[in-house]
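Structural overview for review
Listed here are the chains, written in short residue letters.
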Amino acid sequence: MLDYGCGTGGFLRFITRQNKNIELYGIDFSQKEIESAIKLDKNSRYLVSSSLNTVLSKINLNNKTSIITAWDVLEHIRVPLEFGKQLDGFDYLYFSVPSAEFQKLKFAFYRFFSRLNRIKQIKKV
């Protein structure tokens, strides 16, 4: 299994707790994120890369059922169609894309708590 855009490897650590027999790889664009992932997780293999093809040439997915996950990454890929072409050969693909409706909710909470904070400051004066 390969987690594209793994960040600090939280999802791979979760999978490891569920099943230690799965070969796990995490890739991310950020050297700093990968360094953190390596410190937190000795069971998975981590690589810094922005190219899926480059990573696939370096690793060997031994089991024939291959899975790729990408949590909130697709919206950051500059040429999604080119990325999509690189996915040939994976048996299962899982993509999570942030919802605009959820973003609206986050902004509403931000505005609410900002107003609440201002009210508290006024009452202190």
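Residues numbered from 1 in each chain as written. Predicted model: local features only at pLDDT ≥ 70, side-chain atom pairs only at ≥ 80, totals over all residues. Heavy atoms only, no water.

Considerations on the side chain of Gln-86
By secondary structure assignment, the location of Gln-86 is in the loop between helix 4 (80-85) and strand 5 (92-96). For Gln-86, a relative accessible area of 18% puts it in the buried group. Polar side-chain contacts of Gln-86 include one of 3.2 Å to the backbone nitrogen of Leu-52. When neighbours within four sequence positions are excluded, Gln-86 is seen to be in contact with Ser-51, Leu-52, Asn-53 and Leu-56. (Helix = DSSP H or I, 4+ residues; strand = E, 2+ residues; numbered from the N terminus. Buried < 20%, exposed > 50% of the residue type's maximum accessible area, 1.4 Å probe, protein only. Polar contact = N/O pair within 3.5 Å; in protein donor to acceptor, adjacent residues only side chain to side chain. Contact = heavy atoms within 4.5 Å.)

Quick notes on the nonpolar core
In this structure, Leu-2, Tyr-4, Ile-27, Leu-52, Ile-68 and Phe-83 are the most contacted members of the largest nonpolar core, which totals 14 residues. Those residues in contact with Ile-68 that sit more than four places away from it in its chain are Leu-2, Tyr-4, Leu-52, Leu-87, Phe-90, Tyr-92, Leu-93 and Tyr-94. (Core = buried A, V, L, I, M, F, W, Y, C linked by side-chain atoms within 4.5 Å.)

With respect to the sheet that holds strand 4 (residues 67-71)
Taken in spatial order, the 5 strands of this open sheet run 3-2-1-4-5, and their pairing is parallel. Looking at the sheet topology across the chains shown, the edges are occupied by strand 3 (45-48) and strand 5. Looking at each pair of strands side by side, their axes are set apart by 15° on average, direction ignored. Contacts from helix 2 (residues 31-40) reach strand 2 (25-28) and strand 3 within the one sheet, and its direction differs from that of strand 3 by about 170°. (Pairing = 2+ DSSP bridges. Axes fitted to C-alpha atoms, helices over the stretch in contact; angles between N-to-C directions.)

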